[in-house]
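As a plain string of letters, each chain reads:
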Amino acid sequence: MADRTRTRLLNALKSSGPQTAADLAGDLRVTSVAVRQHLDGMYGEGLVDFEDVKGSVGRPKRVWGLTAAGHQQFPDSHSTLIVGLLEGLSDLYGNDGLESLIAHREAKAGKLYKDAMRGTTDLGSRVEVLADLRSREGYMAEVIREDDGFLLVENHCSICAAATACQGFCRSELSLFKDVLGSDATVERIEHLLSGDRRCMYRITPRARR
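Keep in mind that what you see is a predicted model, and the values were worked out from it rather than measured. (Residues numbered from 1 in each chain as written. Predicted model: local features only at pLDDT ≥ 70, side-chain atom pairs only at ≥ 80, totals over all residues. Heavy atoms only, no water.)

Engineer: Could you clarify how one ought to interpret the packing of helix 6 (residues 123-136) against helix 8 (residues 168-181) in this entry?
Structural biologist: Where helix 6 meets helix 8, the closest approach of the two axes is 10 Å, and the angle between their N-to-C directions is 140°. With respect to each other, helix 6 and helix 8 are oriented oblique. Read as a crossing pair, helix 6 and helix 8 show a hand that is right-handed. For the pair helix 6 and helix 8, the contacting residues are Leu 123, Arg 126, Val 127, Leu 130 and Arg 134 in the first and Glu 173, Phe 177, Val 180 and Leu 181 in the second. Of the residues assigned to the contact of helix 6 with helix 8, the class counts are six nonpolar, no polar and three charged. (Axes fitted to C-alpha atoms, helices over the stretch in contact; angles between N-to-C directions. Helix = DSSP H or I, 4+ residues; strand = E, 2+ residues; numbered from the N terminus. Parallel < 35°, antiparallel > 145°, perpendicular 65-115°, else oblique. Left-handed = near helix turned anticlockwise from the far one by under 90°. Contact = heavy atoms within 4.5 Å. Nonpolar A, V, L, I, M, F, W, Y, C, P; charged D, E, K, R; others polar.)

This is the structure we're talking about:
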């Protein structure tokens, strides 16, 4: 039970970002005492850190978040092997080889995503299918509906090491989303993990008709 609670805490901080112990306890339906015990233990391991945030009244609130080591508790698709393969490909075939690999990956993913979206009748349905597919690939994706469209949030990057070594993967994924969501959608990346944000987020809105 203790290990399960710890895993749930890590997942909650990963998916929803920094939170107080009270917020975590409420979301996970466990006692605040249990949450604080786990947070203290993970703090000792360097997995979480905290910031005391002052409000307009009362005592400061202690807000907990994942450290870099905490983020590394989530799988990164065999990062060492992938980075090594990318370096080898670059050494053997240069930048053209890398670009060919990225284009091949984008084309295969595009076919998979479009096949899964076959039969969807509106943009919202396509976004929901895309989020489900991305979650299955390890991106911890979710959709937030807005008045004028949608936010596609990816709370984890399962290819972070590869994308860090070659940011062409990030460019390709934005291109992929634009392609599979169709010409009636506008897709904009508004948060980017590799630019210092804690996650990647895309704003998706219907394209204005002329």
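Engineer: Honestly, unusual backbone geometry in this entry has me stumped. Any pointers?
Structural biologist: Residues apart from glycine generally show negative phi values, whereas peptide bonds are mostly found in trans. The phi angle at Arg 29 is positive, at roughly 60°, despite the residue not being glycine. With respect to the helices and strands, Arg 29 occurs in the loop between helix 2 (21-28) and helix 3 (32-44). At Met 140, a position not held by glycine, the phi torsion is positive, near 50°. Assignment of secondary structure puts Met 140 in the loop between helix 6 and strand 4 (141-146).

Engineer: I tried to follow the pairing of strand 7 (residues 200-206) on my own but got confused; where do I start?
Structural biologist: Remark: a regular strand shows side chains that alternate across the two faces of the sheet. Counting buried positions along strand 7 yields five of seven residues, so the element is predominantly enclosed. Judged from the five bridges that link them, strand 5 (residues 149-154) and strand 7 form a sheet pairing that is antiparallel. For Phe 150, the partnering residue across the bridge sits in strand 7 and is Ile 204. Pairing of strand 6 (residues 185-191) with strand 7 involves six bridges; the strand directions are antiparallel. By the bridge assignment for strand 7, Glu 191 is matched with Met 201. (Buried < 20%, exposed > 50% of the residue type's maximum accessible area, 1.4 Å probe, protein only. Pairing = 2+ DSSP bridges.)

Engineer: What should I look at first to understand the sheet that holds strand 2 (residues 48-53) in this one?
Structural biologist: Two pairing modes exist for strands in a sheet, parallel and antiparallel, and in both the strands are linked by backbone hydrogen bonds. Strand order in this open sheet of three strands is 1-3-2, and the pairing throughout is antiparallel. Since the sheet does not close on itself, it has two edges, and those belong to strand 1 (19-20) and strand 2, each with one partner. Judged from the two bridges that link them, strand 1 and strand 3 (residues 61-66) form a sheet pairing that is antiparallel. If you follow Gln 19 over to strand 3, its bridge partner there is Trp 64.

Engineer: Any chance you could explain helix 6 here in plain terms?
Structural biologist: Along an α-helix, a turn takes 3.6 residues, which lines up residues three or four apart on a common side. Its 14 residues place the ends of helix 6 20 Å apart at the C-alpha level, agreeing with the 20 Å of an ideal helix rising 1.5 Å per residue. Along helix 6, the positions that sit buried rather than exposed are Leu 123, Gly 124, Arg 126, Val 127, Val 129, Leu 130, Ala 131, Leu 133 and Arg 134. Its side-chain oxygen placed 3.1 Å from the backbone nitrogen of Gly 124, Asp 122 serves as the N-cap of helix 6. Looking one or two residues beyond helix 6, the residue adopting positive phi is Gly 138, at roughly 100°. (Expected span 1.5 Å × (residues − 1). Polar contact = N/O pair within 3.5 Å; in protein donor to acceptor, adjacent residues only side chain to side chain.)

Engineer: Would you take a moment to explain the environment of Arg 36 for this structure?
Structural biologist: Structurally, Arg 36 is set in helix 3. A sequence separation of 32 residues divides Arg 36 from Arg 4, and the C-alpha atoms of the two residues are 15 Å apart.

Engineer: Just to check I follow, could you spell out the packing of helix 2 against helix 3 for this structure?
Structural biologist: When two helices pack together, their arrangement is captured by the angle between the axes and the distance separating the axes. Where helix 2 meets helix 3, the axes come as close as 9 Å, and the angle between the chain directions of the two elements is 115°. For the pair helix 2 and helix 3, the sense of crossing is right-handed. Contacts between helix 2 and helix 3 pair Ala 21, Ala 22, Leu 24 and Ala 25 from the former with Ser 32, Val 35, Arg 36 and Leu 39 from the latter.

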